[in-house]
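Understanding the architecture of this molecule
One-letter residues, chain by chain:
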Amino acid sequence: MTISTSHRQGGLRRRHSLTEQAAQAAIDQACRRLRLPTIRAVVDDAVAAATKEQLTYQGFLAELLLAEVDDRDRRSTLRRIKSAGFPREKWLADFDFTANPNINPATINELATGDWIRRGDPLCLIGDSGTGKSHLLIALGTAAAEQGYRVRYTLATLLVNELVEAADEKQLTKTINRYGRVDLLVIDELGYMELDRRGAELLFQVLTEREEKNAIAIASNQSFSAWTDTFTDPRLCAAIVDRLTYNATIIETGTNSYRLAHTRARHRTPATGA
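Note that this is a predicted model, so its numbers are computed, not measured.

1. Some remarks on empty space enclosed by the protein
Under the criterion given, the structure shown has one cavity of 30 Å³ or more. As for the largest cavity, its lining consists of L111, A112, G114, W116, I117, L140, A143, A144 and Q147. Split into classes, the residues belonging to the lining of the largest cavity amount to seven nonpolar, two polar and no charged.

2. Quick look at unusual backbone geometry
In the Ramachandran plot, R35 falls in the positive-phi region, its phi being about 55° despite a non-glycine side chain. Inspection of the secondary structure assignment puts R35 in the loop between helix 2 (20–34) and helix 3 (37–53). On the basis of relative accessible area, R35 is assigned to the exposed category, the value being 68%. In the Ramachandran plot, Q54 falls in the positive-phi region, its phi being about 55° despite a non-glycine side chain. Positionally, Q54 belongs in the loop between helix 3 and helix 4 (57–84).

3. Regarding the pattern of salt bridges
What the rule picks out here adds up to 15 salt bridges. The salt bridge involving R32 is made with D28; its shortest N-O contact spans 2.8 Å. With R32 and D28 both in helix 2, this residue pair falls four residues apart, about one helical turn. Each of the salt bridges in this network shares a partner with another, and the network as a whole consists of D28, R32 and R40.

4. Section: the packing of aromatic side chains
Overall, the coordinates contain four aromatic pairs when judged by the stated rule. Measuring from centroid to centroid gives 4.9 Å for F95 and F97, while their planes differ by 65°, and the two rings are edge-to-face. Residue F95 shares its accessibility class with F97, and that shared class is buried. Between F224 and W227, the aromatic rings sit 5.0 Å apart at their centres with planes inclined by 65°, giving edge-to-face as the arrangement. Looking at F224, the relative accessible area reads 22%, which means it is partly exposed. Residue classification places W227 among the buried positions, given a relative accessible area of 0%. Three or more aromatic residues joined by ring pairs form one cluster here, namely F224, W227 and F231.

5. What about the packing of helix 9 (residues 172–181) against helix 10 (residues 197–210)?
The contact between helix 9 and helix 10 brings their axes to 9 Å, and the two run at 45°. Classed by the angle they form, the pair helix 9 and helix 10 counts as oblique. In this structure, helix 9 meets helix 10 at a crossing whose hand is right-handed. For the pair helix 9 and helix 10, the contacting residues are L172, I176, N177, Y179, G180 and R181 in the first and L202, Q205, V206, E209 and R210 in the second.

6. Considering the packing of helix 8 (residues 156–168) against helix 10
At a closest axis distance of 9 Å, the pairing of helix 8 and helix 10 adopts a crossing angle of 95°. Here helix 8 lies roughly perpendicular to helix 10, going by the angle between them. For the pair helix 8 and helix 10, the contacting residues are L159, V160, L163, V164, A167 and D168 in the first and R198, G199, L202, L203 and V206 in the second. Along the lines of polarity and charge, the residues of the contact of helix 8 with helix 10 split into eight nonpolar, one polar and two charged.

7. So, the environment of A167
Looking at the element boundaries, A167 is found in helix 8. Along the primary structure A167 and L202 are separated by 35 residues, whereas in three dimensions their C-alpha atoms are 8.7 Å apart. The contacts of A167, once residues within four sequence positions are left out, are L172 and R198.

What counts, and at which threshold
- Residues numbered from 1 in each chain as written.
- Predicted model: local features only at pLDDT ≥ 70, side-chain atom pairs only at ≥ 80, totals over all residues.
- Heavy atoms only, no water.
- 1 Å grid on protein atoms, 1.4 Å probe; cavity = no way out; pocket = protein on both sides within 12 Å on 5 of 7 lines; lining within 4 Å.
- Points joined across faces, edges and corners; volume = space filled by probe spheres on them.
- Nonpolar A, V, L, I, M, F, W, Y, C, P; charged D, E, K, R; others polar.
- Helix = DSSP H or I, 4+ residues; strand = E, 2+ residues; numbered from the N terminus.
- Buried < 20%, exposed > 50% of the residue type's maximum accessible area, 1.4 Å probe, protein only.
- Salt bridge = Lys/Arg side-chain N within 4 Å of Asp/Glu carboxyl O.
- Phe/Tyr/Trp six-rings, centres within 6.5 Å; stacked < 30°, edge-to-face > 60°.
- Axes fitted to C-alpha atoms, helices over the stretch in contact; angles between N-to-C directions.
- Parallel < 35°, antiparallel > 145°, perpendicular 65-115°, else oblique.
- Left-handed = near helix turned anticlockwise from the far one by under 90°.
- Contact = heavy atoms within 4.5 Å.

Here is the structure:
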C-alpha cells in the first residue's frame, strides 16, 4: 500500500465543519487514545479560562500540556512512594526538632536535598527507641522518592529472612540484585535482634553490592561498639560497620524519647505550663 507524503509526514486535519459538540467528542476520543487523562478532565475549564484571559493558541496549548505533565509527575511520585513500602506516612515538615535538641535541623535539611543519595553515601541514625529515628528515616526516604529516586524500605529482620529464603530457593543473586538496583535502601531497626552468622553474611552481601554505588540509610538502637550483640562474628561485624560508616553521615539521636516529649508538648496546658 502506498502512503501519501502528507500522511508520512503528519500534519493537521482541517475539519472546518466540526460542530462544537463534535469537537468535544473528538477531543475526548483523542485524549483516551493518547492516554491524556488530565487534559481530558480539564479541557472544558481550560477553554473557559483561556477565553476569559484571552490566551493565545500557544498559551492555551501550553497550559493543557503542562497540566498533563504536572499530573503525570504527581502520579509517578505517588507510585514511587507506594512502591518504597513505607509502613506509615511520615514527613519532615511534621518533625518537631524542639522535642529532640540532639538533631540538628540544618543537617536534616541538607540530607533532604538528596545529594548524599546521588553520591551513594550511607546515612546512620543511632539512638534509643522513641528518639525520632524511624520518623526521620521514612521522611527522608519519602523526600527522596519525591525527587525521583527509587527507594525501598525494610526492617532488618524482614530483609534477612527474605535473603535466607531466597538462598534456600536458589534465588539469592536475583534478590540481591533487586535490592542493589534501588537508589536508596532504607533498613530500619538494625540491631534490635541478634542475627546468626548466615543471616549476617547475607546482609553483608547486600551492603557490598551497594557499596559506593547506591545509598543506604539505617536506623539502630545500638551504638556501633555494641553491634557485636547483633553480629556475633567480630570480623564480620567490623566489616559491616566499615561498609555503613565509610563517607557516612552519622546522627546520634540520643536517649530521651522524642515521642514522649512530643506527647507531653501536645498536652501541655498554657495555664500551668506543665
